[in-house]
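Structure assessment
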Amino acid sequence: MRGVKPHAVALLFRAVALAEAGSWLLLLGGMFVKYVGDSERGVQMFGPVHGGVFVVYLVVTAVAWRVLRWDSRTTFLALVASVPPLATMWFDRWATRTGALPVPEPTPAS
């Protein structure tokens, strides 16, 4: 994975983590409608969306592991965070705070 910039991987990881959390919310909303409103349309629409974003999150986590040189603990936490709703956002904050996920450099104002 030569030539891949760590900041670009971190930015991609953050975007996919946010999308994974958002797709969880959509799926949870669809499940609510299914059990309260008696319509499976939300689950039929948002289930595949969440599944696709989930798989992309796993792939991006593997890329981040290689490019950002995450240890096994960090990688394990990133993978586990993909299961509970909104846990990817918690992982993003934790990884940023611990330095595992680099923060983009601010661009100077002209």
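Summarised in this report is the structure supplied together with it. Being a predicted model, the structure only gives us computed values, none of them experimental.

Once that is clear, we can look at the overall build of the protein. For the protein, the helix and strand inventory stands at four helices and zero strands. Traced from its N-terminal end to its C-terminal end, the protein shows the element sequence α-α-α-α. By its C-alpha atoms, the protein is 50 × 40 × 25 Å across when sized along the principal axes. Every one of the 110 residues in the protein was classed for burial, and the buried ones make up 32%. Relative to all contacts within the protein whose residues are 6 or more apart in sequence, the contacts with residues 24 or more apart total 68%. Counting every atom, the protein has about 7,000 Å² of accessible surface; 68% of that belongs to carbon and sulfur. With 10 positive and 6 negative side-chain charges, the protein shows a separation of 10 Å between the mean positions of the two kinds.

Before going further, it helps to spend a moment on the environment of Ala17. Locating Ala17 in the fold gives a position in helix H1 (residues 6–37). Assessed through its relative accessible area of 0%, Ala17 is described here as buried. Sequence separation between Ala17 and Ser72 is 55 residues, and the spatial gap between their C-alpha atoms is 19 Å. Once you skip the residues sitting within four places of it in the chain, Ala17 turns out to touch Tyr57, Thr88 and Met89.

The next thing to look at is the packing of aromatic side chains. Under the counting rule described, the total for this entry stands at six aromatic pairs. Here Phe13 and Tyr57 contribute two aromatic rings whose centre-to-centre distance is 5.4 Å and whose plane-to-plane angle is 45°, an arrangement assigned as tilted. Here Tyr57 lies in helix H2 (residues 41–67) and Phe13 lies in helix H1, a separation of 44 residues in the sequence. Judged by its relative accessible area of 0%, Tyr57 is buried. Between Phe13 and Phe91, the aromatic rings sit 5.7 Å apart at their centres with planes inclined by 70°, giving edge-to-face as the arrangement. Remark: Phe91 occurs in helix H4 (residues 87–98) and Phe13 occurs in helix H1; sequence separation between them is 78 residues. Side by side, Phe13 and Phe91 carry an identical accessibility label, which is buried. Linked through ring pairs, Phe13, Tyr57, Trp70, Trp90, Phe91 and Trp94 together constitute an aromatic cluster.

Before going further, it helps to examine the side chain of Arg14. Its place among the elements puts Arg14 in helix H1. Residues in contact with Arg14, not counting those within four places in the same chain, are Asp92, Thr96, Leu101, Pro102, Val103 and Pro104.

Conventions adopted
- Residues numbered from 1 in each chain as written.
- Predicted model: local features only at pLDDT ≥ 70, side-chain atom pairs only at ≥ 80, totals over all residues.
- Heavy atoms only, no water.
- Helix = DSSP H or I, 4+ residues; strand = E, 2+ residues; numbered from the N terminus.
- Buried < 20%, exposed > 50% of the residue type's maximum accessible area, 1.4 Å probe, protein only.
- Contact = heavy atoms within 4.5 Å.
- Areas by Shrake-Rupley, 256 points an atom, 1.4 Å probe, with all protein chains shown as cover.
- Lys, Arg positive; Asp, Glu negative; His and termini not counted.
- Charge placed at Lys NZ, Arg CZ, Asp CG, Glu CD.
- Phe/Tyr/Trp six-rings, centres within 6.5 Å; stacked < 30°, edge-to-face > 60°.

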